[in-house]
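# Analysis of the macromolecular model
Take a look at the letters that make up each chain.
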Amino acid sequence: MSATTDTKKRTNERSSATNVSKLVKIAMLAAVATVLMLVEFPLPFIAPPFYELDFSEVPVLIGAFAMGPLAGAIIELIKILLNFVLNGTVTAGVGELGNFIVGCALIVPAAMIYKKSKTRKNAVIGMVVGVICMAVTGCVMNGAVLLPAYGKAFGMPIEAFVEMGSAIFPVINNIFTFCLFCVVPFNLIKGVVVSVMTLLLYKYISRLLKGEH
């Protein structure tokens with residue numbers, strides 16, 4: 001066997017081992033995210049009770065920082081699919097679709113910025129950008145797609161959501177103001193909480209992912 005052939009073989013073996021290791025980490029983080037998705041609670045002072053806060057984006061964001069934005073999106077997708085299989089859906093799939101899209105709106109921009117230069121400063125900048133993207137995407141998606149789809153699936157007129165919102169904030173009188181005063185603050189709070197937890201935990205969990213102690 002020539003030296004070149006031997007080198008190529010070792011390179012392929014290392015690449016294969018790296019890919020397997022990455023898949024294991026993705027699966028592990030997705031499993032943790034799925035469990036965390038079960039622990040959720042409403043923020044009744046901000047939004048109607050069907051908007052519930054959970055911490056499942058924390059392991060997803062950690063994975064995205066450690067392995068890149070694509071890995072983060074895959075972890076997010078696996079999390080949604082696992083939850084769908086294990087627990088079914090009470091939103092006709094609308095909630096799951098929204099969770100994936102809005103989750104990726106936070107995860108992908110944050111990880112893309114962090115990937116350019118893996119510093120604490122870039123991590124913070126990435127998360128700030130991600131939280132803003134999450135709030136904007138959540139607002140647009142809820143108003144244009146998710147709430148109309150949810151209402152159609154369960155025979156609820158849009159006015160029903162507006163009434164729920166106006167019970168919290170009297171200024172709400174249409175779907176636009178509902179999204180502005182309920183959906184945006186909810187996603188801002190969720191994004192900030194997830195970002196702070198990620199910032200606190202990333203250093204330690206990334207060491208475990210790298211096999212360090």
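This section reports on the structure supplied with the text. Owing to the predicted nature of the structure, the values given are computational and were not obtained by experimental measurement.

Basis of the calculations
Residues numbered from 1 in each chain as written. Predicted model: local features only at pLDDT ≥ 70, side-chain atom pairs only at ≥ 80, totals over all residues. Heavy atoms only, no water. 1 Å grid on protein atoms, 1.4 Å probe; cavity = no way out; pocket = protein on both sides within 12 Å on 5 of 7 lines; lining within 4 Å. Points joined across faces, edges and corners; volume = space filled by probe spheres on them. Helix = DSSP H or I, 4+ residues; strand = E, 2+ residues; numbered from the N terminus. Nonpolar A, V, L, I, M, F, W, Y, C, P; charged D, E, K, R; others polar. Expected span 1.5 Å × (residues − 1). Bend = angle between axes of the 7 residues up to and from the residue. Core = buried A, V, L, I, M, F, W, Y, C linked by side-chain atoms within 4.5 Å. Buried < 20%, exposed > 50% of the residue type's maximum accessible area, 1.4 Å probe, protein only. Axes fitted to C-alpha atoms, helices over the stretch in contact; angles between N-to-C directions. Parallel < 35°, antiparallel > 145°, perpendicular 65-115°, else oblique. Left-handed = near helix turned anticlockwise from the far one by under 90°. Contact = heavy atoms within 4.5 Å.

What follows deals with the layout of surface pockets. Looking at the largest pocket, its volume works out to about 790 Å³. With seven residues, the single largest contributor to the lining of the largest pocket is helix α4 (residues 94-116). Taken together, the residues of the lining of the largest pocket sort by class into twelve nonpolar, eleven polar and six charged.

Between the first and last C-alpha of α4 there are 34 Å, a value that for 23 residues agrees with the 33 Å anticipated at 1.5 Å per step. Maximal helix bending in α4 amounts to about 25 degrees, located at Cys104.

The next thing to look at is the nonpolar core. In this structure, Leu61, Phe65, Met67, Ile75, Leu106 and Ile107 are the most contacted members of the largest nonpolar core, which totals 26 residues. Elements with a minimum of two residues in this core: α1 (3-37), α2 (57-67), α3 (69-87), α4, α5 (120-154) and α7 (175-209). With 21 residues, the next largest nonpolar core counts Ala135, Cys139, Ile172 and Cys182 among its residues.

Before going further, it helps to examine the packing of α4 against α7. Contact geometry of α4 with α7 gives a least axis separation of 12 Å together with a crossing angle of 45 degrees. By the angle between their axes, α4 is oblique relative to α7. Two packed elements cross with a definite hand, and for α4 against α7 that hand is right-handed. Across the interface between the two elements, Asn99, Val102, Leu106 and Tyr114 of α4 pack against Asn187, Lys190, Val194, Ser195 and Tyr202 of α7. Taken together, the residues that form the contact of α4 with α7 break down as five nonpolar, three polar and one charged.

Function cannot be inferred from these measures alone, as they are strictly geometric.
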